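Remarks on the overall topology
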Amino acid sequence: MDKPAVVVLFGGRSSEHSISSATAGGVLRAIDRDRYRVIPVGITRAGAFVLEVDDPDRFALDAERLPEVVDNGTRILWPEAGGERRLRVRRADDTVDDLGDVDVVLPILHGVHGEDGTVQGFLDTLDLPYAGGGVLDSALCMDKHFMKIVLQAAGIPVAPWTTVTPTRWEREEQAVRREAAELGYPVFVKPARAGSSVGVSKVAGDAELASALQKAFAEDDKVLIEAAIVGREIEVAILEGRHGGAPRASLPGEIVLTTREFYDFEGKYLGGDGAEVVCPAALADAEVRAVQELGVRAFDAVAGRGLARVDFFLAADGLYVNELNTMPGFTPISMFPKCWIASGMTYPELIGELVDTARERR
């Protein structure tokens, strides 16, 4: 019997292109080649779908070289909607090769044009099974403004915030400054639809607000000013239930900051000093259960599918959900795999779980 073919889809047009590429490198290294046939497909920063080399080392992430998908002249020819699931590639010399039928697409994409429901809708149109979130939960969780509204409606605590656009800042600057002051400095300023802490600033006072907003507006035309919750940064990994079962939560982990103001890009991905990913977190049994239960509730509230990492602040007055990530990082130092490994699952088993859940859903 032929092995199921898994398209590992990565790169993309967002500012998180390199993180997606590095995540895919980890997946390519760990996926069980005895169970699956792997087809690596990269998306260049310009949006071209190319057949990539199946070499995890090519996508290693370090401070000296951020990996990326380059245009090698190939073009992926996707199946026609409603027809066969056969994938082909047009080479640089215009010859066309048959890559075989696709069983599952594993979209390891972060940020806009990938984690926001757009690629999910494309794959739905082609009737191709894919792992991870669907159109709705991907779109909701990519937009922190609407994610907070949905969570609030479900009775899930979130940090207080106000939302600002460039037009509003231009016309109502003093009102925005008052709202930020009412939230209480320090505040966080963050793009509504970016991830990996790109464009995020911790703002100590009114004098820093304008520059922080401009930094965030460079990433998105919708920006959140959010109250800084004082507490521990706790995260839990969620997987969709199998065979109609309930979603499952891992043991929680914790981001422990020593010298960093917050968990920024360097701390997350480049192994910078001052931040440590610890899993399992040092929590009482009741706290573990509370994190797991609220993580599942948040996943259900956004109609979660496939997987998510739910990020919390554990404050003196309880838990607050900071955000949900529908395609969290899978790099060697990322929280999502670490939490499931601490819960008894291996990295290859975790990838297999995502692929097999997608196949069962079809």
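Per an unreviewed UniProt entry, the chain carries the name D-alanine--D-alanine ligase and comes from Microbacterium invictum. Note on the chain: under the UniProt heading Sequence similarities (unreviewed entry), the record states "Belongs to the D-alanine--D-alanine ligase family." Note on the chain: under the UniProt heading Subcellular location (unreviewed entry), the record states "Cytoplasm".

With that settled, the discussion passes to the state of the cysteines. Within this structure, the stated rule accounts for zero disulfides. Note on C339: no disulfide assigned, nearest cysteine sulfur contributed by C279 at a separation of 3.2 Å. Using a relative accessible area of 1% as the deciding quantity, one classes C339 as buried.

Here three strands make up an open sheet; going across it, the order is β4-β5-β6 and the pairing antiparallel. Of all strands in the sheet, those with a lone pairing partner are β4 (75-77) and β6 (96-101), marking the two edges. Averaged over all adjacent pairs, the angle separating strand axes in this sheet is 25°, with direction ignored. Relative to strand β5 (residues 86-90), β4 runs antiparallel, the two sharing three bridges.

Counted residue by residue, strand β7 (residues 104-108) has five buried out of five residues, so it is predominantly covered. Burial of the side chains of β7 extends over both faces: V104, L106 and I108 are buried on one face and V105 and P107 on the other. In this structure, strand β1 (residues 5-11) lies alongside β7, joined through five bridges in parallel fashion. In the sheet register, F10 faces β7, and the bridge partner there is I108.

Bringing the environment of T125 into the picture now. Position of T125 relative to the elements: it lies in helix α2 (residues 118-126). Residues T125 and D101, 24 residues apart in the sequence, show an inter-C-alpha distance of 17 Å. For T125, the side chain forms a polar contact with the main-chain oxygen of G121, separated by 2.9 Å.

The rules behind each value
Residues numbered from 1 in each chain as written. Predicted model: local features only at pLDDT ≥ 70, side-chain atom pairs only at ≥ 80, totals over all residues. Heavy atoms only, no water. UniProt positions renumbered as here; feature names shortened; annotations may be inferred. Disulfide = S-S within 2.5 Å. Buried < 20%, exposed > 50% of the residue type's maximum accessible area, 1.4 Å probe, protein only. Pairing = 2+ DSSP bridges. Helix = DSSP H or I, 4+ residues; strand = E, 2+ residues; numbered from the N terminus. Axes fitted to C-alpha atoms, helices over the stretch in contact; angles between N-to-C directions. Polar contact = N/O pair within 3.5 Å; in protein donor to acceptor, adjacent residues only side chain to side chain.

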